[in-house]
Amino acid sequence: MILLPLLAAAAKPAAAELSRLGDGDLARVSGQGGIYLSGDVSINEVGGPIQNSYFGACGEAGKKCGARLAYRLREDGGWFVLDDIRGSFSFEGLTLRVRHIDSGFGGDGELFNRDVIELGLPNVVRYHDVQFKLAASNMARPTDPGFQQTDLFSIEMQGDVTLEGNLLVFPTGNP
């Protein structure tokens with residue numbers, strides 16, 4: 001019988017009073033800004049929705065069933081291609097924040113004196129059946145007339161990759 005009153009007393013909610021912080025108190029408070037991201041991304045694990053002479057089902061020999069990313073670095077240059085992209089990867093702890101650079105980089109930071117985007121790399125990225133081809137082509141789309149592509153090499157990733165450090169993205173131009 002003694003146990004019942006003790007449990008009832010312990011179950012009462014604890015009350016805490018909130019109070020305002022003045023400007024001076026608030027100025028002494030330090031915190032972190034930014035975004036913490038975790039994710040699980042899958043890309044065309046079983047093939048994409050487009051079915052034509054180039055793209056097809058994953059089981060069809062000679063067909064590309066994954067996604068495609070094509071870009072070129074010069075207006076009159078050829079196309080750099082990541083083709084037949086598929087698989088999944090997951091990560092935990094990718095951070096995103098804005099950082100001000102006004103020193104460092106051999107004195108260049110003082111001249112730069114602007115904000116950059118800082119991507120804090122997650123400790124581990126897990127790859128599951130990730131595949132893609134690195135290629136060069138004369139056109140962005142395989143459906144364009146005269147399309148030709150040379151596959152340079154294929155990449156397959158499985159397992160964990162350790163990433164450490166930060167990636168800084170320096171903006172250019174005027175916002």
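Caption draft 1: The environment of Gly-78, seen in detail. In this fold, Gly-78 is placed in the loop between β2 (67-71) and β3 (79-101). In this structure the C-alpha to C-alpha distance between Gly-78 and Ala-136, which are 58 residues apart in sequence, comes to 7.1 Å.

Caption draft 2: Here's a closer look at the confidence of the model for the chain. Looking at the chain, pLDDT values average 79 and 75% of them are 70 or higher. Ranking the helices and strands of the chain by mean pLDDT puts strand β6 (residues 149-162) first, with 92, and helix α1 (residues 3-11) last, with 43. Note that residues 1-14 has pLDDT below 50 and, in this model, zero contacts with residues that lie over four places away or in other chains.

Caption draft 3: Highlighting the pairing of strand β4 (residues 114-120). Bridge analysis of β3 against β4 gives seven bridges, and the strand direction is antiparallel. Counterpart to Ile-101 in the pairing with β4 is Arg-114. When β4 meets strand β7 (residues 166-169), the two strands line up antiparallel, connected through four bridges. Pairing of Glu-118 across the sheet is with Leu-168, part of β7.

Caption draft 4: Representation of a nonpolar patch on the surface. On the surface, a cluster of nonpolar side chains totalling about 410 Å² of accessible area is made up of Leu-69, Tyr-71, Leu-73 and Phe-80. The class of Leu-69 is partly exposed, set by a relative accessible area of 44%.

Caption draft 5: Examining the packing of aromatic side chains more closely. The full count for this structure, using the stated rule, is four aromatic pairs. Ring plane angle 25° and centroid distance 6.5 Å describe the contact between Phe-89 and Phe-91, whose orientation is recorded as stacked. Ring centres of Phe-89 and Tyr-127 lie 6.1 Å apart, and the angle between their planes is 40°; on these two criteria the pair is classed as tilted. One end of the pair, Phe-89, is in strand β3; the other, Tyr-127, is in strand β5 (residues 124-137), with 38 residues separating them in the sequence. Relative accessible area serves as the criterion here: at 26%, Phe-89 is assigned to the partly exposed category.

Caption draft 6: Spotlight on unusual backbone geometry. The backbone phi angle of Asp-84 is positive, close to 55°, even though this residue is not glycine. Among the secondary structure elements, Asp-84 is positioned in strand β3. According to the relative accessible area criterion, Asp-84 is buried, its value standing at 4%. One non-glycine residue, Asn-113, lies in the positive phi region at around 45°. Within the secondary structure, Asn-113 is located in the loop between α3 (108-112) and β4. When its relative accessible area of 42% is taken as the criterion, Asn-113 is described as partly exposed.

Caption draft 7: Quick look at the pattern of salt bridges. Per the stated rule, a full pass over the model turns up seven salt bridges. The salt bridge involving Asp-84 is made with Lys-133; its shortest N-O contact spans 3.5 Å. Here Asp-84, found in strand β3, pairs with Lys-133, found in strand β5; they are 49 residues apart in sequence, far enough to count as distant. Lys-133 gets classed as partly exposed once you look at its relative accessible area, which sits at 21%. For Arg-97, the salt bridge goes to Glu-118, with nearest N and O atoms at 2.8 Å. Of this pair, Arg-97 sits in strand β3 while Glu-118 sits in strand β4, and the two are 21 residues apart along the sequence. Relative accessible area serves as the criterion here: at 37%, Arg-97 is assigned to the partly exposed category. According to the relative accessible area criterion, Glu-118 is buried, its value standing at 6%. One salt-bridge network, held together by shared partners, links Asp-84, Arg-86 and Lys-133.

The rules behind the values
Residues numbered from 1 in each chain as written. Predicted model: local features only at pLDDT ≥ 70, side-chain atom pairs only at ≥ 80, totals over all residues. Heavy atoms only, no water. Helix = DSSP H or I, 4+ residues; strand = E, 2+ residues; numbered from the N terminus. pLDDT = per-residue confidence, 0-100. Contact = heavy atoms within 4.5 Å. Pairing = 2+ DSSP bridges. Patch = residues over 30% accessible without salt bridge, like charges linked within 9 Å, V, L, I, M, F, W, Y side chains within 5 Å. Areas by Shrake-Rupley, 256 points an atom, 1.4 Å probe, with all protein chains shown as cover. Salt bridge = Lys/Arg side-chain N within 4 Å of Asp/Glu carboxyl O. Buried < 20%, exposed > 50% of the residue type's maximum accessible area, 1.4 Å probe, protein only. Phe/Tyr/Trp six-rings, centres within 6.5 Å; stacked < 30°, edge-to-face > 60°.

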